[in-house]
Amino acid sequence: MSLWAKVQQLPPVSLQQIYGDVFPIEVRHYLAHYIEEKFCCDIDPDNPQHEQYISSLINSLIKEIEDKASVVTDSEYFLTKLKLAEAAKLFKERYSSCPMQLFTLIRSCLAAEMRLLQAAGVGNFNGFSNLMISNSSAEVLQKINVLRNRTQSTAEDIRKMEEELESFALQYHECQKITAHLQQMITQQNSQIPNNNATKLQKQKEAVEASLNQKLAALLQLKLALGEKLKETFQLVAQLQTHVLDEELIKWKRDQQLAGNGANFKSNLDTIQEWCESLAELIWLNRQQTKEVERLKQRVPMVDPPVVADVLPHLLQEFTQLLSTLVTSTFIIEKQPPQVMKKNTRFTASVRLLVGGKLNVHMTPPQVKVTIISESQANMLLKNDKLGKNESSGELLNNIGTMEYQQSSRQLAVSFRNMQLKSIKRTEKKGSESVMDEKFSLLFQSQFSVGGGELMFQVWTLSLPVAVIVHGNQEPYAWATVTWDNAFSESGRIPFAVPEKVPWSKVAEMLSLKFRAATGRGLTEDNLRFLAEKAFRGNYNESTNSMLSWSQFCKEPLTDRNFTFWEWFFAIMKLTREHLRGPWADGAIMGFVRKRKAEEILSSRVQGTFLLRFSDSELGGITIAWNSDSGEVFSLQPFTSKDFAIRSLADRIADLNHLVYLYPDICKEILFGKYYTPYQDNPPSANNGYVRPTLVTQIPGFTCFPNSYPNTPQHDSDSPRHTPSVISSCPGSVASTVPSHINGPVEYLDQFEDINGLVNFEMMS
């Protein structure tokens, strides 16, 4: 039995909780088989590889609806035909640019059906088990549909009240005529009208008055019932709005902030906008209904019972406040400005009003102004909801824009594409504070009216904290400030308070997140254990979740070093991102291992085994450690970004024949071969006619033959091109030819000119 066949056995009121104007039940009914076949399959909406399939699926669904509408010819189903045609048109207009939303909506409806069946005790969900998940989106849609149905029901009650009032008015007018006629009869003392006529009129008047009193009592009860119904609707709308704004939208903002540290950010802002627009519509309709009931009440002299308070005036204020909260909360920054901001450098940002289209704000497009404010000014703004006139902490260029409405996406937004920070005012520093400790924020402000000027809103929102730099050497510390803030700030905090100490487990999670975003691969448990020992200066106890302080993180120098833990980590991350991303992602770089540990693990391996580790003593350095035939382990002076700008790590490893196996026993060609610079038989000439030289890495004391370099031009045209042998050795005893401490490789200009048997070398340090 199909899912829809089972669902139809449920009470109709159950389905009213799921289907409505957003997704008509007629579409579900007439395309039941198609929907269950196509939308119940194992498709992951969060998988980018499935986006194209989902887009074509939605287009196919719209075509199916149109086809179904065209074949409905029976006049009995004329309204159904119209409903299907309207649904196809709605889906095409609303979801052509965002098919994922409709796909998620349909899956949510199917999941809601499954929950209803499960609650009713209907089993056998074979083929639909992938829909049996908790779905917050489905719950929100159900509540919106319930509120829509309540609002429609209230509208019907108001129409009924209006009809009753009109009937009351007619009877009241009739009663007045009878009263006037009767009064006229009484005042005519010499009337020739029999007294029984006056008696009849009196009885008729009393009957009409009794009917009027009954109608008045019924109207009073209807008005009280409407008041209670509107009050209950308000409570339901308020609860739903609290969920959408305080949970869903706050979660979106938190995810956006974590994305600043490299976390994956799967934005569902379009879905949240759908919810907020529905809330805005519901609040506005119920607010208008409250005003209408209040207006109808004024048409007749209804007096509330002494024990019953009139809820309508207060309810109108509450609906207005609810709408105000919704509007001000949905003025959001869709694209944050850079959190490390350099003076006189162009940057972008964009803001969006999620309910702007629904409230027709775009009819008079509002302007948005951007200023930069300090931490203390942000505190003042939150306390007083306003700042002093023209109060800011710097000068921004191109900081005013007009919001524009995009009909296709139904988005009211403005993008600032050419903003620039011209100047900044810093506060006086105390104690060990640095200018990079100071946080600023961009303040976006606007104002607009709703309902033909009936309501005026002043809205503002703050960007994530920003650290301002004037020189590149300030960048590492600035990133420490914003990274710590992004990772450990709490919702509802005082700007921009962060904890002084946090558990190492949270720091480790943050470091791994940053490293993965920058380099393509996160950190292992061994990597994090090594980092913990370094951050705690060797005083790390793995059994307890030690607390790392801000000072330990980026203020206090490491033991016997003139740089901090964060400076060391940041330099390594930058080096890996710019020069070592491929080998790191392949797992070819051990990286986070101490020198003594490297010597221990290499000493037991075969000759020519090597590993790569990040330098402890030099910022942004990586060294090669290898073992010799004597069992001794050597380490090269660390390579830095400057070295790799000249010759890559893979080429340098290829140059050194004595490096054979990457620890533990992987031939170096397997991991590094694909990164070698291809050899060119005819080296390109410079514009001046000279042949360009190639640098080669060589270690004094280790004999390396020129024809062994796989990516170096050969100099004897008659000799074949050689590649490094899998097993390679250097003549002589390494122990006797290599100094006990190797300062580093020597690089040669490998420009050989075989003229009259002369070979020229130019030494490069």
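Nothing here was measured: the structure is a model prediction, and the numbers come from that model.

### As for the overall build of the protein chain
Move 1: On a plain count of helices and strands, the protein chain comes out with 23 helices and 21 strands.
Move 2: For the protein chain, with 765 residues in total, the buried portion stands at 46%.
Move 3: Put simply, of all contacts in the protein chain between residues at least 6 apart along the chain, 70% involve residues at least 24 apart.
Move 4: Surface accessibility of the protein chain: about 38400 Å² in total, with carbon and sulfur atoms responsible for 50%.

### Digging into the sheet that holds strand 17 (residues 661-662)
Move 1: Strand order in the open sheet formed by 5 strands is 16-15-14-17-18, with mixed pairing between adjacent strands. Single-partner strands in this sheet number two, and they are strand 16 (633-635) and strand 18 (666-667).
Move 2: Both strand 17 and strand 18 contribute to a ladder of 2 bridges, which runs antiparallel. Considered in strand 18, the bridge of Leu 662 is made with Ile 666.
Move 3: Lying on the sheet, helix 19 (residues 595-603) is in contact with strand 14 (609-614), strand 15 (622-627) and strand 16; it crosses strand 14 at an angle near 165 degrees.

### Observations regarding helix 19
Move 1: Buried within helix 19 we find Ala 598, Ile 601 and Leu 602. Summarising the axial view, the buried residues of helix 19 lie within an arc of 100 degrees, below the 170-degree limit, and thus occupy one face.
Move 2: The elements touched by buried residues of helix 19 are strand 14, strand 15 and strand 16.

### Considering the pattern of salt bridges
Move 1: One pass over the full model with this rule turns up 29 salt bridges.
Move 2: For Glu 578, the salt bridge goes to Lys 574, with nearest N and O atoms at 3.1 Å. Remark: Lys 574 and Glu 578 occur in helix 17 (residues 565-579); sequence separation between them is 4 residues, near one turn of the helix.
Move 3: We classify Glu 578 as partly exposed; its relative accessible area is 38%.
Move 4: For Lys 574, a relative accessible area of 31% puts it in the partly exposed group.

### Considering the packing of aromatic side chains
Move 1: Summed over all chains, the structure comprises 35 aromatic pairs.
Move 2: On the numbers, 5.3 Å between centres and 85 degrees between planes, the contact of Phe 234 with Phe 319 is edge-to-face. Here the residue Phe 234 occupies a position in helix 9 (residues 195-259), and Phe 319 occupies one in helix 11 (residues 312-329), the gap between them amounting to 85 residues. Each member of the pair, Phe 234 as well as Phe 319, carries the same accessibility label: buried.
Move 3: Pairing Phe 565 with Phe 569 gives two aromatic rings, centres 6.4 Å apart and planes at 20 degrees, and the pair type is stacked. Here Phe 565 pairs with Phe 569, and both are found in helix 17, just 4 residues apart, close to one helical turn.
Move 4: Phe 569 gets classed as buried once you look at its relative accessible area, which sits at 0%.
Move 5: In this structure, Arg 521 packs its charged tip against the face of Trp 584, placed 3.9 Å from the ring centre.
Move 6: Positioned above the aromatic ring of Trp 568, the side-chain terminus of Lys 534 is 4.6 Å from the ring centre.

### Examining the pairing of strand 8 (residues 411-424)
Move 1: Sheet analysis places strand 3 (residues 346-353) next to strand 8, joined by 7 bridges and oriented antiparallel. Counted as the bridge partner of Arg 346 is Gln 420 from strand 8.
Move 2: Relative to strand 8, strand 5 (residues 394-397) runs antiparallel, the two being bridged by 4 bridges. Paired with Glu 395 across the two strands is Ser 423, which belongs to strand 8.
Move 3: Bridge count for strand 7 (residues 404-406) against strand 8 is 3 bridges, and the pairing is antiparallel. Bridged to Tyr 405 within strand 8 is Leu 412.

### What to know about the nonpolar core
Move 1: Counting 117 residues, the largest nonpolar core has Phe 39 and Phe 444 as its most contacted members.
Move 2: At 15 residues, the largest contribution of residues to this core is made by helix 9.
Move 3: Those residues in contact with Phe 444 that sit more than four places away from it in its chain are Phe 331, Ile 333, Ala 349, Val 351, Val 368, Lys 369, Val 370, Phe 416, Val 459, Trp 460, Thr 461 and Ser 463.
Move 4: Of all hydrophobic cores here, the second largest spans 67 residues; its members include Ala 487, Leu 580, Phe 639 and Ile 699.

### Side note on the sheet that holds strand 6 (residues 400-402)
Move 1: Sheet architecture is open: 4 strands sit in the order 6-4-9-10, paired in antiparallel fashion. Only two strands of the sheet have a single partner each, and these edge strands are strand 6 and strand 10 (455-462). Geometrically, the sheet is characterised by an average inter-axis angle of 25 degrees between neighbouring strands, direction not taken into account.
Move 2: Alignment of strand 4 (residues 367-374) against strand 6, held across 3 bridges, turns out to be antiparallel. When the sheet's bridge partners are listed, Val 368 is paired in strand 6 with Gly 401.
Move 3: Contacting strand 9 (440-450) and strand 10, helix 11 runs over the sheet at an angle of about 35 degrees to strand 10.
Move 4: Against the sheet, helix 12 (residues 375-384) touches strand 4, strand 9 and strand 10, its axis set at about 125 degrees to strand 4.

### Description of a nonpolar patch on the surface
Move 1: Together, Phe 78, Leu 79 and Leu 82 line one region of the surface with nonpolar side chains, adding up to about 320 Å² of accessible area.
Move 2: Position of Leu 82 relative to the elements: it lies in helix 6 (residues 78-95).
Move 3: Note on Leu 82: relative accessible area 37%, which makes it partly exposed.

### Topic: the environment of Lys 205
Move 1: By secondary structure assignment, the location of Lys 205 is in helix 9.
Move 2: Along the chain, Lys 205 and Glu 174 lie 31 residues apart, while their C-alpha atoms are 9.0 Å from each other.
Move 3: Apart from the residues within four sequence positions on either side, Lys 205 is in contact with Ile 178, Thr 179 and Leu 182.

### Concerning unusual backbone geometry
Move 1: The omega torsion across Pro 495 and Phe 496 is -15 degrees, close enough to zero to call that bond cis.
Move 2: Inspection of the secondary structure puts Phe 496 in the loop between helix 13 (475-488) and strand 12 (501-503).
Move 3: Each neighbour pair has its own omega, and for Tyr 663 with Pro 664 the value is 5 degrees, a cis peptide bond.
Move 4: Tracing the backbone shows Pro 664 in the loop between strand 17 and strand 18.
Move 5: Within the chain, Asn 344 stands out as a residue other than glycine whose phi angle is a positive 60 degrees.
Move 6: Topologically, Asn 344 is positioned in the loop between strand 2 (340-342) and strand 3.
Move 7: For Asn 344, a relative accessible area of 44% gives the class partly exposed.
Move 8: You will see that Asn 398, though not glycine, has its phi angle at about 55 degrees, which is positive.
Move 9: Inspection of the secondary structure assignment puts Asn 398 in the loop between strand 5 and strand 6.

### Side note on the side chain of Thr 609
Move 1: Among the structural elements, Thr 609 can be located in strand 14.
Move 2: Of the polar contacts made by the side chain of Thr 609, one reaches the backbone oxygen of Val 606; its length is 2.8 Å.
Move 3: Contacts of Thr 609, omitting those with residues within four sequence positions, involve Leu 602, Ala 625, Trp 626, Asn 627, Tyr 661, Tyr 663 and Pro 664.

### Focus: helix 15 (residues 525-535)
Move 1: Within helix 15, burial applies to Asn 527, Leu 528, Phe 530, Leu 531, Ala 532, Lys 534 and Ala 535.
Move 2: Close packing links the buried residues of helix 15 with helix 14 (504-519), strand 13 (547-549), helix 16 (550-554), helix 17 and helix 18 (581-585).
Move 3: Once helix 15 ends, the next one or two residues include Arg 537, with phi positive near 55 degrees.

Thresholds applied
- Residues numbered from 1 in each chain as written.
- Predicted model: local features only at pLDDT ≥ 70, side-chain atom pairs only at ≥ 80, totals over all residues.
- Heavy atoms only, no water.
- Helix = DSSP H or I, 4+ residues; strand = E, 2+ residues; numbered from the N terminus.
- Buried < 20%, exposed > 50% of the residue type's maximum accessible area, 1.4 Å probe, protein only.
- Contact = heavy atoms within 4.5 Å.
- Areas by Shrake-Rupley, 256 points an atom, 1.4 Å probe, with all protein chains shown as cover.
- Pairing = 2+ DSSP bridges.
- Axes fitted to C-alpha atoms, helices over the stretch in contact; angles between N-to-C directions.
- Arc of directions from axis to C-beta.
- Salt bridge = Lys/Arg side-chain N within 4 Å of Asp/Glu carboxyl O.
- Phe/Tyr/Trp six-rings, centres within 6.5 Å; stacked < 30°, edge-to-face > 60°.
- Lys NZ or Arg CZ within 6 Å of the ring centre and 35° of its normal.
- Core = buried A, V, L, I, M, F, W, Y, C linked by side-chain atoms within 4.5 Å.
- Patch = residues over 30% accessible without salt bridge, like charges linked within 9 Å, V, L, I, M, F, W, Y side chains within 5 Å.
- Polar contact = N/O pair within 3.5 Å; in protein donor to acceptor, adjacent residues only side chain to side chain.

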